[in-house]
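For reference, the chains in residue letters:
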Amino acid sequence: WHPTQKPTELMKWCILQVPSVQSVLDPFAGSGTTGVACVHLGVKFTGIERERAYFDAACERISRAQAQGQLIPHEMPKQVQESLV
């Protein structure tokens, strides 16, 4: 648990707002929610956390997400440019 923990689905949504995202840097990784979201989306992740307890929790959560794998690989949404007229 982290005092400012966010839902994994929210972080997945945030990541998907960047077209063609290839990697994410989270300099305040906390308990690793962004890292778990990246694993689910197949995006590279680098996290930095100075508090040892949160770092250990993040490593455990991300490792569990990687070990779980995915039955269906995630596909990035296709970007469609809409007309302004």
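Being a predicted model, the structure only gives us computed values, none of them experimental.

Undergrad: How should the side chain of Thr34 be read in this particular structure?
TA: In this structure, Thr34 sits in helix α2 (residues 33–41). At 3.3 Å, the side chain of Thr34 and the side chain of Asp26 are in polar contact. Residues in contact with Thr34, not counting those within four places in the same chain, are Met11, Ile15, Val24, Asp26 and Phe45.

Undergrad: Is there a simple way to explain the pairing of strand β1 (residues 23–26) in this structure?
TA: Successive side chains on a regular strand alternate, one facing one side of the sheet and the next facing the other. The side-chain alternation of β1 yields one buried face, formed by Val24 and Asp26, and one unburied face, formed by Ser23 and Leu25. Two elements, β1 and strand β2 (residues 44–47), share four bridges in a ladder whose sense is parallel. Within β2, the residue paired with Ser23 across the bridge is Lys44.

Undergrad: Any chance you could explain the pattern of salt bridges here in plain terms?
TA: When charged atoms on two side chains of opposite charge get close, those side chains can pair. Overall, the coordinates contain four salt bridges when judged by the stated rule. As a salt-bridge pair, Lys12 and Glu9 come within 3.2 Å of each other at their nearest N and O atoms. Here the residue Lys12 and the residue Glu9 both occupy positions in helix α1 (residues 8–16), the gap between them amounting to three residues, near one helical turn. Across the pair Asp56 and Arg52 runs a salt bridge whose closest N-O atoms are separated by 3.3 Å. Of this pair, Asp56 and Arg52 both sit in helix α3 (residues 52–68), four residues apart, which is roughly one turn of that helix. For Arg52, a relative accessible area of 57% corresponds to the exposed category.

Rules and cut-offs
- Residues numbered from 1 in each chain as written.
- Predicted model: local features only at pLDDT ≥ 70, side-chain atom pairs only at ≥ 80, totals over all residues.
- Heavy atoms only, no water.
- Helix = DSSP H or I, 4+ residues; strand = E, 2+ residues; numbered from the N terminus.
- Polar contact = N/O pair within 3.5 Å; in protein donor to acceptor, adjacent residues only side chain to side chain.
- Contact = heavy atoms within 4.5 Å.
- Buried < 20%, exposed > 50% of the residue type's maximum accessible area, 1.4 Å probe, protein only.
- Pairing = 2+ DSSP bridges.
- Salt bridge = Lys/Arg side-chain N within 4 Å of Asp/Glu carboxyl O.

So, to be careful, I would describe these as geometric facts and stop short of saying anything about function.
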